[in-house]
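Chain by chain, the residues run as shown.
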Amino acid sequence: SQIAPHLAIEKAGGRVIRSVDVVMNALFVEMPDAQAGLLQQIPGVLHVYPDMRTHAMLDHALPLNQVPQAWAILPSGQSGAGAGIRIGILDTGIAVYHPGFQDATLTAPAAFPVAGVPADMAFTSNKIIVARNYSDDPSADDLNGHGTGAAMAAAGVTNKGPLGIITGAAPEAFLGNYKALDSDGSGQTSWFVQALNDAIADGMDVVNYSAGVYPAYPV
């Protein structure tokens, strides 16, 4: 009979550390690079990909995506944009205490908020309805700022920033915090895939990942 995938991977010198089955059917394996080719010989394995290091990136999104034109056709304009929508932020986390995420008018959807571990419920609210941590950091909190900035740009309510009054593109939207980058702004593709898998399973309508992979930064 065919040996179980986990056992076959261990026999090849690897260790299964994660798995997903929504966005793809995949196992994430830790093993020496020199032995990775052995995985391709295991029955049922279609492809073997490296787990690459990722780094945070930003760009000018609103004009590119014609967001001002979208606001113009909404009954309440920008202030009502995003009502009922769930936006997953795959980044360094979201600072739940940030003034851009305080909105007493919102009520979290049924079965929310949720967290990857009970302690991370502290980083959820009626607006930030998910807090899941895939990084090596101790919690889903943002220890870098990049994720909080991305979440603010996506769905922050009107508040006063250092340079003036700011509002997110869809201030009435709910946010999901999927921490796939650590406090240094670095992550791994396996973190991203697991986060994306969970974001889709959680029912996020939109997912944002402001990071890129550089061949110069392999795991």
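These numbers were taken from a predicted model, which means no experiment stands behind them.

Student: How would you sum up the overall build of the protein? Please name residues and give values.
Tutor: Within the protein, the secondary structure is distributed over four helices and twelve strands. Referenced to the eigenvectors of the C-alpha coordinate spread, the extents of the protein come out at roughly 60 × 35 × 30 Å. Across the 219 residues of the protein, 44% fall into the buried class. For the protein, long-range pairs separated by at least 24 residues make up 68% of all intrachain contacts whose partners lie at least 6 apart in sequence. Summing over all exposed atoms, the protein offers an accessible surface of approximately 11600 Å²; the carbon and sulfur share of this is 59%.

Student: Could you give an account of the pattern of salt bridges, with specific residues and numbers?
Tutor: Side-chain pairs of opposite charge can arise where the charged atoms are in close proximity. All told, the structure shown has three salt bridges when counted by the stated rule. A salt bridge links Arg132 to Asp202; the nearest nitrogen and oxygen atoms lie 3.0 Å apart. You can see Arg132 sitting in strand β6 (residues 128-133) and its partner Asp202 sitting in the loop between α4 (189-201) and β11 (206-208), a full 70 residues away along the chain. Take Arg132 and Asp202: they sit in the same class, and that class is buried. Lys179 is paired through a salt bridge with Asp137; the nearest N and O atoms lie 3.1 Å apart. Residue Lys179 is found in strand β9 (residues 174-179), and its partner Asp137 is found in the loop between β6 and α3 (146-155); the two are separated by 42 residues along the sequence. Judged by its relative accessible area of 13%, Asp137 falls in the buried class.

Student: Tell me about the nonpolar core, and name the residues and values.
Tutor: Grouped together as the largest cluster of nonpolar side chains are 21 residues, with contacts concentrated most on Ile87, Ile89, Ile94, Phe101 and Leu175. Secondary-structure elements contributing two or more residues to this core are α2 (67-72), β4 (86-91), β6 and α3. What Phe101 contacts, discounting residues up to four positions off in sequence, is Ile94, Ala95, Val96, Ser125, Lys127, Ile128, Thr148, Ala151, Met152, Gly156, Val157 and Leu175. Counting 13 residues, the second largest nonpolar core, distinct from the first, contains Phe112, Val130, Tyr134 and Ala180.

Student: Tell me about the layout of surface pockets, and name the residues and values.
Tutor: Of the volumes computed, that of the largest pocket is approximately 1200 Å³. Along the wall of the largest pocket there are 34 residues; nearest its centre are Leu27, Phe28, Val29, Val48 and Tyr49. Elements that contribute at least two residues to the lining of the largest pocket include exactly α1 (5-11), β2 (26-30) and α4. At five residues, the largest contribution of residues to the lining of the largest pocket is made by β2. Taken together, the residues of the lining of the largest pocket sort by class into 24 nonpolar, six polar and four charged.

Student: Could you give me a rundown of the side chain of Asp103, with the residues and numbers involved?
Tutor: Its place among the elements puts Asp103 in the loop between β4 and β5 (114-115). Buried and unpaired, Asp103 has Lys127 as its nearest opposite-charge partner, separated by 5.3 Å. At a separation of 2.5 Å, a polar atom in the side chain of Asp103 contacts the side chain of Thr105. For Asp103, the contacting residues outside a window of four places in its chain are Asn126, Val157, Pro171 and Glu172.

Reading the values: rules and limits
Residues numbered from 1 in each chain as written. Predicted model: local features only at pLDDT ≥ 70, side-chain atom pairs only at ≥ 80, totals over all residues. Heavy atoms only, no water. Helix = DSSP H or I, 4+ residues; strand = E, 2+ residues; numbered from the N terminus. Buried < 20%, exposed > 50% of the residue type's maximum accessible area, 1.4 Å probe, protein only. Contact = heavy atoms within 4.5 Å. Areas by Shrake-Rupley, 256 points an atom, 1.4 Å probe, with all protein chains shown as cover. Salt bridge = Lys/Arg side-chain N within 4 Å of Asp/Glu carboxyl O. Core = buried A, V, L, I, M, F, W, Y, C linked by side-chain atoms within 4.5 Å. 1 Å grid on protein atoms, 1.4 Å probe; cavity = no way out; pocket = protein on both sides within 12 Å on 5 of 7 lines; lining within 4 Å. Points joined across faces, edges and corners; volume = space filled by probe spheres on them. Nonpolar A, V, L, I, M, F, W, Y, C, P; charged D, E, K, R; others polar. Lys, Arg positive; Asp, Glu negative; His and termini not counted. Polar contact = N/O pair within 3.5 Å; in protein donor to acceptor, adjacent residues only side chain to side chain.

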